[in-house]
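Below are the chains, spelled out letter by letter.
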Amino acid sequence: MTSQEFKANAITLIDDLKGVCANYGLGNDGNEFKIITQVFLYKFLNDKFAHEIKRLEPSLAKADSWEDALRDTSKKEYELLLMQLGASTARLKPEHFLSTLWAKQNDDNFAAIFDATLLDIAKLNGDIFSVKTNDGQKIVLFDPVTQYVASKRDEFAKAIINKLIPFSFERIFSEKFDFYSTLFEYLIKDYNKDGGGKYAEYYTPHAVSKIMAACLVPNKVKNVTCYDPAAGSGTLLMNLAHAIGEDRCTIYTQDISQKSSSLLRLNLILNNLVHSIPNVIQGNTILEPYHKEDGGTDLRKFDYIVSNPPFKLDFSDFRDQLDTNANRKRFFAGIPKVPGKKKDKMAIYLLFIQHVIHSLSPDGRAAIVVPTGFITAQSGIEKSIRQHLVEKKMLGGVVSMPSNIFATTGTNVSILFIDASNKGKVILLDASNLGEKIKEGKNQKTILRPNEEQRIIDTFNTKKAIDEFSVTVSYEEIKAKNYSFSAGQYFDVKIEHITMTRDQFEKDLHDRITMLKTLFEESRNCEKEVAKQLARLTHD
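A brief look at the structure comes next. (Residues numbered from 1 in each chain as written. Predicted model: local features only at pLDDT ≥ 70, side-chain atom pairs only at ≥ 80, totals over all residues. Heavy atoms only, no water.)

**Re the packing of aromatic side chains**
According to the stated counting rule, one finds 15 aromatic pairs in the structure shown. With centroids separated by 5.4 Å and ring planes inclined at 85°, the aromatic side chains of Phe40 and Phe169 adopt a geometry described as edge-to-face. Of this pair, Phe40 sits in helix H2 (residues 32-56) while Phe169 sits in the loop between helix H9 (153-164) and helix H10 (177-188), and the two are 129 residues apart along the sequence. Each member of the pair, Phe40 together with Phe169, is buried. Centre to centre, the rings of Phe49 and Phe97 are 5.7 Å apart; their planes meet at 40°, and the pair counts as tilted. Here Phe49 is found in helix H2, whereas its partner Phe97 is found in the loop between helix H5 (75-84) and helix H6 (98-103), with 48 residues between them in sequence. (Phe/Tyr/Trp six-rings, centres within 6.5 Å; stacked < 30°, edge-to-face > 60°. Helix = DSSP H or I, 4+ residues; strand = E, 2+ residues; numbered from the N terminus. Buried < 20%, exposed > 50% of the residue type's maximum accessible area, 1.4 Å probe, protein only.)

Here's what the structure looks like:
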């Protein structure tokens, strides 16, 4: 079976699980994502355990039933095998195996057995697989999934188990990032949309994530820290970790959404980054940043930071709490005001940019998605932040993306690259004319072609000036342009000269005057017609 066939089967499994939820009245229910993601994760961990335990003890792979063979081992032998498992593999008891649950599916109170099994796995693996909150509370791996079904819970649990049995991940654990990122995107596509709530979550397009990671990490590095203060489901961080090497970096995150933190945990598990799960924090980054230097109160500094923060948000409940002496250094450019009539339009992203700058190590690099208006604003906090980056000589570059690169928002976006070690030229790149326009539902979306993605990456990393596309400028030149980060303002203005005889000039002038007279006449006629039609309007 090929990778594509495995991927198709995994997608079928996801669709089947959603079908079960729909059949029991949970289709598009707010709790559906909890059931789907947790059941999918249980299946993944069960198969990962089988895969790893067979590698440790080859005789299990040859047995008719590896589960029965494992049950026949002594308690001491079983514990020795568990001790040899890598940290990324969840520890399971024989009663946790999927085959055990399948054998019990006709028992009384099977739903309770199913839920108790998940809770026991979560408890057994709590130290490694739990996400934490700001105040140190653990969000464990599993909740009871049948609690969301009003009736026929045993039948629901039985239906779920029977969907899990035919599929196996065992032969695809060798697959890498591209395989699992596609699978993850399909799994969460119905659950990671802008829900219109107070804390809306946005999915970063894969092309944007890839460009940010490739421009941040052009060369090999190791033993580095990566951070996202508004991590969402972790798309940006997964691309960054893949560019660095999953075993060469440690990830740190914070996000106020419990749903996003759960999705991020799943993403880390799928992408062999289990060692970073204890660094996933659910909480308010701006108000209560969690990650601190060892034993101190100063915020931790990171080697790489990526972020696609919410642009505008109602932060009125917390805004005044930020205005303290303790936050002066972090929010050096100021704290945005809460708009009087539209509280949800507060420019929260300006706080995230300042938080990222403050959290960057002395030689660190960061990439942040910002509204394109940020790069040219003539005053306010926006300009103060740009001025800080120029005066401190810590700007890597800016890439202005095509419009509608995010299907969920019409706001034009740019990627701001911060590079604390860049004391030389800065690259500004205008990619706004690239991409292919397509319709996605009711929204128009721009898709970058693979060669266009690579063109942006190569141009950025080589700091190559290309006519009408990119320009390299000094910090002094940026200062002279009132700290504008827009590439277009630095492109040469070209004047095309045409040699004409006197006769040709007089004819061209005559033609243009004639055309203008015609247009003026049409305009006057149009004006009369509009006035005539307006005069006919009456009130009925």
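Picking up where we left off.
**Section: the pattern of salt bridges**
What the rule picks out here adds up to 18 salt bridges. For Asp120, the salt bridge identified is with Lys93, shortest N-O distance 3.4 Å. One end of the pair, Asp120, is in helix H7 (residues 110-124); the other, Lys93, is in the loop between H5 and H6, and 27 residues separate them in sequence. Looking at Asp120, the relative accessible area reads 26%, which means it is partly exposed. By relative accessible area, Lys93 is classed as partly exposed at 31%. Two residues, Arg524 and Glu521, come together in a salt bridge whose shortest N-O distance is 2.9 Å. With a gap of 3 residues between them, Arg524 and Glu521 both fall in helix H19 (residues 502-535), about one helical turn apart. Accessibility expressed as a relative area gives 44% for Arg524, which makes it partly exposed. Ionic contacts of the salt-bridge type, sharing partners, join the residues Arg319, Asp320, Asp323 and Arg328 into one network. (Salt bridge = Lys/Arg side-chain N within 4 Å of Asp/Glu carboxyl O.)

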